[in-house]
Amino acid sequence: MDRVTIRAQDEDLVEVPVITGTEGEQALGIAHLRKATGLVTLDPGYGNTAEASSAITFINGEDGILRYRGYPVDQLVEHSSFLEVCFLLDQGELPSPCRLTEFEQEIRGNASLPEGLMTLLEAIPASTHPMQKLAAVVAVMGSYYPGAGGSAGPEGGPAESTILLAKLPVLAAWSYRSGTDGVYIAPRSDLGYASNFLNMMFAPQDGGFEAPEAHIRALEALLLLHADHGQNLSTSAVRLVGSSRAELFSAISAGILALSGPLHGGANQRVVEMLEEILAAGGDTRSFIERAKDRSDPFRLMGFGHRVYKNYDPRAELIKQHAKDLLRERGNPLLETALRLETEALEDEFFIQRGIYPNVDFYSGIIYRAIGFPSKMFTVLFALGRLPGWLAQWREMIDDPYSRIKRPRSIYLGFPRRDFVPIEER
Ligand code: CMC
């Protein structure tokens, strides 16, 4: 099937093309529907709308499949590193050993922060959420790198994407420490991406910190598993802002803020807060499940449900295994509570009927907590992980000759025309 016939209001038949993706999913190409019929489509929340054709990430929510550039995430998480995946998402291919080394050096070599950005972070009230601090600083970063091009900066200087990948972990660590002990630990070029970040987060001023290997491995895996997820809300925000040809730093700042909400990346912080609340209330998971089912109670099981996955989120499966590897032997009340909550929810008709399973955020916060991150930093870690996806999706949109400024319509349901009423007559 490559065309579908639609019978419009006036009974005229309109043919619309059917676009078929690599894996057989099909979409109606309705870009010219309004011109032909006067009709637009109305799809609140975009549940039935593909906004872009993309060659970056394939997701099949029914079968729980996630692949970056064709590679299954379980293979990548087993064999690859986060930076290798950043390269893959950006360039479309896995790097050669030599290219990977160059890329890693490029990221290390661009990590240090300009003094002005550090001062700016310090000036933001300590109580500000680190996601908002991060978004504020990223929004003005462009002024420190005028003319940094999309793919290569002036005179071969670093591109915007390199600047962001290299500096966001430093900004993230400093956004936390500037609000706590005020100790700035400079990035180290002898450490890998995850171990460097852990060092900047946790090392005391006089050094002597070495991140445990298990923590480095878990953090690498978590960053990698967050690296891209198609047209999710924050990526859509990046594409939306970028479609106006605003600079990349502005688009990424918008992505960070979009991610911060509790229904999106902010859920990982809320999951651990929910598990702590369950423990504080005596560990009665059932009463929380009942609350989530009660339509008069706005409470939801945080870390459960997904717009796309109506089956187990493959990322949650892999993260759960990492959480078990890291914590099961030691016995961890948060993990035990989470496992019990999951078992009980997945046996409940309410969740079965709606296809509600644990999502990527359900077990990630437990690992972050075990590593020692304060809960306010959990969503920042999501942002660090998602950055390469935002960058690759932005690049794909900018390079797409068919990409236009994004401008949805609405169906007006307000008053019909009426005449102005002078103030003294109201
Ligand atoms: N707890 C209880 N009920 C739920 C939940 C939940 N976590 N998630 C969905 N439902 C119910 C919802 O009440 C609705 O029931 P009904 O049909 O009776 O009205 C039905 O399932 C469909 O929910 P929806 O809100 O229409 O689904 P959505 O696709 O618009 O929302 C979601 C997806 C992720 C926002 C939602 O599942 C949710 O709020 N989950 C909790 C927050 C969360 O964990 N967010 C992280 C998402 S994954 C990481 C990311 O992408 O950021």
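Residues numbered from 1 in each chain as written. Predicted model: local features only at pLDDT ≥ 70, side-chain atom pairs only at ≥ 80, totals over all residues. Heavy atoms only, no water.

1. Remarks on the pairing of strand β5 (residues 65–68)
Burial along β5 is one-sided: Leu66 and Tyr68 are buried, and none of Ile65 and Arg67, which face the opposite way, are. Here strand β4 (residues 57–60) pairs with β5 via four bridges, running antiparallel. Across the sheet, Ile59 pairs through a bridge with Leu66, a residue of β5. Between β4 and β5, which follow one another and run antiparallel, lie four residues, and Gly64 among them has a positive phi close to 65°. Turn length for the β5-strand β6 (residues 71–72) hairpin, with the two strands adjacent in sequence and antiparallel, is two residues, and the turn residue Arg69 shows positive phi of about 50°. (Buried < 20%, exposed > 50% of the residue type's maximum accessible area, 1.4 Å probe, protein only. Helix = DSSP H or I, 4+ residues; strand = E, 2+ residues; numbered from the N terminus. Pairing = 2+ DSSP bridges.)

2. Quick word on the site of the ligand
Contacts to the ligand come from 22 residues, most closely from His264, Arg295, Arg300, Leu301 and Arg307. At 2.7 Å, a backbone N or O of Leu301 approaches a nitrogen atom of the ligand. Here an oxygen atom of the ligand sits 2.8 Å away from a polar atom, N or O, in the side chain of Arg307. Going through the elements one at a time, α16 (349–354) and α17 (360–371) are the ones with two or more residues in the shell around the ligand. Class assignment for the residues of the shell around the ligand results in 11 nonpolar, six polar and five charged. (Near = heavy atom within 4 Å. Polar contact = N/O pair within 3.5 Å; in protein donor to acceptor, adjacent residues only side chain to side chain. Nonpolar A, V, L, I, M, F, W, Y, C, P; charged D, E, K, R; others polar.)

3. Topic: unusual backbone geometry
Positive phi, normally seen in glycine, also occurs at Tyr46, with a value near 55°. Relative to the elements of secondary structure, Tyr46 occurs in the loop between α1 (33–37) and β4. Under the relative-accessibility criterion, Tyr46 is labelled exposed at 55%. For Arg245, which is not glycine, the phi torsion reads 65° and is therefore positive. Along the chain, Arg245 turns up in the loop between α10 (233–242) and α11 (248–259).

Don't take any of this as a statement about function, it's just geometry.
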